[in-house]
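Spelled out, the chains give:
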Amino acid sequence: FSVSFENSNNVCRLTRPSAMSDDLSMTPLDASDTVPLVRLEFDVEEDSSGARESEPTRAEITANLPRATSRTIALNTWLYMATPMSMPATVKDSGARLAAVFFTYGAVSTYWTGRVIGDAFAVDPDSSTYARMTSRATARVLNRHGYSDSTCERWRKKVELWTLLVQFSTYYLDACVQIVYVTQYFGQMFPKVKLCAWTWALLVGCLVMPVVQMPTLHDSGRVVGLPVVCVCVALVVLFSEIALTKPWEECSPGPTYGKAKTRSTMFSSLGNFAYAFGGHGLFPEELREMKDPSEWPQVMNTVYGTMVPIYIAVMYWGYKAYGDFAKGNINLNFRRNFGNVLSMLMQTVQCYYGVFFTNIALMMHVETALGVDPTTSWGVRTRFGVPPAIFRLIFRTSFLATQVLLAAIFLAASGDVIINLQGLAGGGGGGG
């Protein structure tokens, strides 16, 4: 038998060789034949050229992502968490005793929840985003309490949407924080260049634009070591500055302690501690891109085993040195010398990379939802008629431009912009 396809009505027709024909021409089966007639119908979508092209789904794109080593994941997690320079000002806002409570709670609870996220991913690897993991956990809890499947599903969708919105706003604001940091550093490093804050912010956006074009976390493995080294150099400069100046002995007037605290300043301090231990919203994505997710406990132990002691040392010595005068941008407390400039240069590199790391989950989520594969660049065309590399260039540049605009607006505000903005990001989304 042979199969022919009638394009006019999408019917597949079976035919057999004619018994009376020498050339074995094909004649359709009819109802009088003893062989049953089978009618097959399908829905066919055709593009304008008549050829069918299947666009990759989000699940297919996710499954094909290149995998990163545990070293790359650990360095990225460590780097995102590394905000030691604002710790003295965070202590100032709540006072030393309350800061010790906030810090201990933040370190213990976030380490534990980080391990829980790893265990949850091991049980359900399809929960590859924080929103999906949270919503599925909510549905399971409701199901255990006897709620119907329809109720569980309805709440699952709501929680996933709410979590996604909170996560989006948190990381979006965090990228603005990094841009504000770099803008202030430029203003300090080049005081003779008379530019407005928004002009510096625009320049920072232009310099950051190439960094955010890295398609995935896997690609960051080639460069993540550099900003990690820069953070270490900045820490050396910080402790050297404190050791050389000893403000509590040499400065007159010296640092004061015990400034009156308000609910606003204490909430800001709590939000900044949440920000300091943030990054959990990216943990499922990091697990998804790991070559061996079973190594996640080692990642958590490495990150917290090194960052917690660094935080404690910076909080103690930084607050002792500058007390109630500590700034969110602690370089404002330093002398104007080579070490200060070097520190700002090192932190600028960290912040450049921070803009990429805080945005990568957001950008990839939108791109995969639109069927744009981050693992391809030029070989195919997206539904928008351009290669993926061109789509990423246009979309990510536009996305970054909105953050530069918001950062410029925040820079026009009064007060300690960095501490307030970090507190907003950390308080709103628990640091992500």
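Residues numbered from 1 in each chain as written. Predicted model: local features only at pLDDT ≥ 70, side-chain atom pairs only at ≥ 80, totals over all residues. Heavy atoms only, no water.

1. Here's the deal with the confidence of the model for the chain
Low pLDDT marks stretches whose predicted atomic positions should not be read closely.
Right, so step 1: With 79% of its residues at a pLDDT of 70 or more, the chain has an overall mean of 80.
Right, so step 2: Averaged pLDDT values for the elements of the chain fall to 44 in strand β4 (residues 40-41) and rise to 95 in helix α12 (residues 296-322).
Right, so step 3: Note that pLDDT drops below 50 for residues 1-12; the model gives that stretch 29 contacts with residues more than four away or on any other chain.
Right, so step 4: Segment residues 18-27: pLDDT under 50, and 11 contacts once partners within four positions in sequence are set aside and those in other chains are kept. (pLDDT = per-residue confidence, 0-100. Helix = DSSP H or I, 4+ residues; strand = E, 2+ residues; numbered from the N terminus. Contact = heavy atoms within 4.5 Å.)

2. Re the side chain of Q403
Right, so step 1: With respect to the secondary-structure elements, Q403 resides in helix α14 (residues 388-411).
Right, so step 2: Once you skip the residues sitting within four places of it in the chain, Q403 turns out to touch Y172, A175, C176, I179 and N359.

3. Quick notes on the pattern of salt bridges
Right, so step 1: For the structure shown, the criterion picks out 9 salt bridges.
Right, so step 2: Taking the shortest distance from any N to any O, the salt bridge between D124 and R140 comes out at 3.2 Å. Taken together, the residues span a long stretch of sequence, with D124 in the loop between α4 (96-123) and α5 (130-144) and R140 in helix α5 at a distance of 16 residues.
Right, so step 3: Judged by relative accessible area, which is 40%, R140 ranks as partly exposed.
Right, so step 4: Across the salt bridge formed by D126 and R136, the nearest N and O atoms sit 2.7 Å from each other. In this pair, D126 is assigned in the loop between α4 and α5 and R136 in helix α5, connecting sequence segments 10 residues apart.
Right, so step 5: Residue D126 is classed as partly exposed on the basis of its relative accessible area, which comes to 43%.
Right, so step 6: Classification of R136 by relative accessible area gives partly exposed; the value is 22%.
Right, so step 7: The network of salt bridges with shared partners includes D124, D126, R132, R136 and R140. (Salt bridge = Lys/Arg side-chain N within 4 Å of Asp/Glu carboxyl O. Buried < 20%, exposed > 50% of the residue type's maximum accessible area, 1.4 Å probe, protein only.)

4. Some thoughts on the packing of aromatic side chains
Right, so step 1: What the rule picks out here adds up to 26 aromatic pairs.
Right, so step 2: Taking the centre distance of 5.6 Å and the plane angle of 70° together, the rings of F186 and W200 count as edge-to-face. Of this pair, F186 sits in helix α6 (residues 149-189) while W200 sits in helix α7 (residues 197-208), and the two are 14 residues apart along the sequence.
Right, so step 3: On the accessibility criterion, F186 (9% relative accessible area) is buried.
Right, so step 4: The buried category is assigned to W200, whose relative accessible area is 7%.
Right, so step 5: When the ring of F391 is compared with that of F395, the centres are 5.9 Å apart and the planes differ by 15°; the resulting orientation is stacked. Pair noted here: F391 and F395 are both in helix α14, with a separation of 4 residues, about one helical turn.
Right, so step 6: Overall, the relative accessible area of 19% leaves F395 in the buried class. (Phe/Tyr/Trp six-rings, centres within 6.5 Å; stacked < 30°, edge-to-face > 60°.)

5. Looking at helix α8 (residues 225-245)
Right, so step 1: Between the first and last C-alpha of α8 there are 31 Å, a value that for 21 residues agrees with the 30 Å anticipated at 1.5 Å per step.
Right, so step 2: Taken as a whole, α8 has its buried residues at P227, V228, C230, V231, A234, L235, V237, L238, E241, I242 and T245.
Right, so step 3: Looking at the buried residues of α8, the elements they touch are α2 (70-81), α9 (247-250), α12 and α13 (338-369).
Right, so step 4: K246 occupies a position one or two residues after α8 and carries a positive phi of about 40°. (Expected span 1.5 Å × (residues − 1).)

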